[in-house]
Amino acid sequence: MNFTSPRRRFASAAVAGIALTGLLSACGGSGSGDDAASKSGPVTLPFWGWANGQEAVVKAFNASHKDIRLKYTKVTDQLTMQKQLTNAVKAGNAPCLVQNTAEYVTSWVSQDALADITRYVKGEKDEFNTGAWASAQVQGKLYGVPTSSAPQFTIYRTDIFEKYGLKPPATWDEFIAAGKVLKKHGIKITNYAGEDPSTLEVLAMQAGAHWYAIDGNAWKVDFQDEGTLKAAKVIQEIIDNDLNAKLSFADYAAVQRSYDTGATATRQISTWQMAGMVQNFTKSFGDWALAPWPTYRGEAAKTPAGTNLTGSVTLVTKQCENQEQAAKAALWMSTNQDAVKTMASPETGNGVMPALKDSGSYVGESISQKLLGKNYEPAQKVVTDSLGTVTTDWTYGPNWTAMFTELQAGWAKVVNKQEKVTDLLAHMQEWTVKDLKSRGISVKG
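Under the annotation held in an unreviewed UniProt entry, the protein chain carries the name Extracellular solute-binding protein and is attributed to Streptomyces purpurascens.

A. Examining the overall build of the protein chain more closely. Each helix and strand counted, the protein chain has 19 helices and 15 strands in total. Across the 445 residues that make up the protein chain, the buried fraction comes to 59%. For the protein chain, contacts bridging at least 24 residues in sequence account for 79% of all contacts bridging at least 6. Here the protein chain displays about 17,100 Å² of accessible surface, and carbon together with sulfur accounts for 49% of that area.

B. Broad picture of the environment of Asp385. Mapped onto the elements of the fold, Asp385 is located in helix H17 (residues 376–387). Placed 234 residues apart in sequence, Asp385 and Pro151 show a C-alpha to C-alpha distance of 8.4 Å.

C. Structural detail: the pairing of strand E3 (residues 97–101). Of all five residues that make up E3, five are buried, and the element is covered over most of its length. Taking every second residue as pointing to the same face, both faces of E3 are buried, with Leu97, Gln99 and Thr101 on one and Val98 and Asn100 on the other. As judged from the two bridges shared by strand E1 (residues 43–49) and E3, these two strands associate in the parallel manner. Note that in E3 the partner of Phe47 across the bridge is Leu97. Across five bridges, the pairing between E3 and strand E14 (residues 312–316) is antiparallel. Directly across from Val98, in E14, lies its bridge partner Leu315.

D. Broad picture of the pattern of salt bridges. Inspection of the entire model under this criterion finds ten salt bridges. Where Asp240 meets Lys420, a salt bridge forms, and the shortest distance between an N and an O atom there is 3.5 Å. Of this pair, Asp240 sits in helix H10 (residues 226–240) while Lys420 sits in the loop between helix H18 (400–415) and helix H19 (421–438), placing them 180 residues apart in sequence. The partly exposed category is assigned to Lys420, whose relative accessible area is 41%. When the shortest N-O distance is used, the salt bridge between Lys328 and Glu324 registers 3.4 Å.

E. Unusual backbone geometry, seen in detail. For Gln139, which is not a glycine, the phi torsion comes out positive at approximately 50 degrees. Of note in the backbone geometry, Asp242 takes a positive phi value of approximately 55 degrees without being a glycine. Of the residues examined, Asp242 reaches a relative accessible area of 33% and is grouped as partly exposed.

F. A look at the nonpolar core. Formed by 58 residues in total, the largest nonpolar core has its most connected members in Leu45, Leu70, Leu97, Ile117 and Val121. A total of seven residues in this core trace back to one element, the largest contributor, which is helix H13 (residues 323–335). Not counting residues up to four positions away in its chain, the partners in contact with Leu97 are Leu45, Pro46, Phe47, Trp48, Leu70, Thr314, Leu315, Val316, Ala326, Ala329, Ala330 and Met333. Formed by 54 residues, the second largest nonpolar core is a distinct cluster that contains Ala178, Ile187, Ile239 and Leu436.

G. Focus on the confidence of the model for the protein chain. With 87% of its residues at a pLDDT of 70 or more, the protein chain has an overall mean of 87. Long-range and interchain partners of residues 1–38, a stretch whose pLDDT sits below 50, account for 170 contacts in this model, where long-range means more than four residues apart. Considering only residues more than four positions removed or in separate chains, one finds that residues 306–310, a stretch of pLDDT under 50, has 36 contacts.

Conventions adopted
- Residues numbered from 1 in each chain as written.
- Predicted model: local features only at pLDDT ≥ 70, side-chain atom pairs only at ≥ 80, totals over all residues.
- Heavy atoms only, no water.
- Helix = DSSP H or I, 4+ residues; strand = E, 2+ residues; numbered from the N terminus.
- Buried < 20%, exposed > 50% of the residue type's maximum accessible area, 1.4 Å probe, protein only.
- Contact = heavy atoms within 4.5 Å.
- Areas by Shrake-Rupley, 256 points an atom, 1.4 Å probe, with all protein chains shown as cover.
- Pairing = 2+ DSSP bridges.
- Salt bridge = Lys/Arg side-chain N within 4 Å of Asp/Glu carboxyl O.
- Core = buried A, V, L, I, M, F, W, Y, C linked by side-chain atoms within 4.5 Å.
- pLDDT = per-residue confidence, 0-100.

Have a look at this one:
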């Protein structure tokens, strides 16, 4: 919810072998890395990414390695990355290493674009937390190295909540009730950008939904399961009662201004999004605090698996001629202490939580004391606790990118009250099954 881009997922991915057949644009190239040792001189590995801090990490890597050098190219954002990588794969000149997010891994594997690097990295499994390690896998094979985890929490304006006698909502029912109180004073409790249906995705994920699953040798699609309908009910009540702002992230400054001035009082976010708040706020430093994600009534704490940079992986492409070296470079960037600190800091990187098993030790560096003020110390426990409740059983389907694009179009209608959430879900059920079948993929649903 309230993210800065429409794609930011982090969870386990699974693909049935038969489900991968029949997809378009299979990639050329099959470098194995086995012959790299016979080549003289340092190996140069092209690396594409978009995250702040990566250039510094690459510089540090090159300074400490004589046999491998990274050649970094900064891409505008992750959506641009998918387009540029598609073109590069078709042209046969894909980079060796690619920053990406978990929802794209299945699609790229289905297009035969990624290298299976399991043999090079499997021995490092214990270095990473379980959910992050799963994000780089498809059917038990590793195609990259995880770079970040997904702590999710609510950040809220303490001054506004105190003024109107409100406590941070522990449940979605309380969240809606607080929104109705704030509405009387011209304040929105949240923001639903019309182009960003990740709100629906993460609330469904939290409620135990499974839009995609493997059933035997076929994909099972279900956009109308109990968890999704539970999420739909919460979202619909917020929209029907006009508790949400409708600010587009296309005007990023306006969104940040809404939080800074107190026009919108809460966000459900992760650590990396706090960097944008710090960089854009002028009025409300010290007025923010963290609280756990609201739960569904009667349920234990459960945090959705998060999003975008909170679920990044460094992938190795199949066209890379030096796959073993690429895998080792990816491992270094995700495990070297200085590199991890660079990326974890909101000042030098993106404030992302590492994918490491001991990522809790980086919490203090990944959240902003300037933003939180006296609430900085208790905020660290909120973040640490959320790491232990992250969803790990969400699966991304082989047509996720196309599906999400279709979902975006319908979400805009939902936010503008042109159709109900349940109408959108019914459409997505029919559309997704039809789209998978059109790709020659076995599907049930």
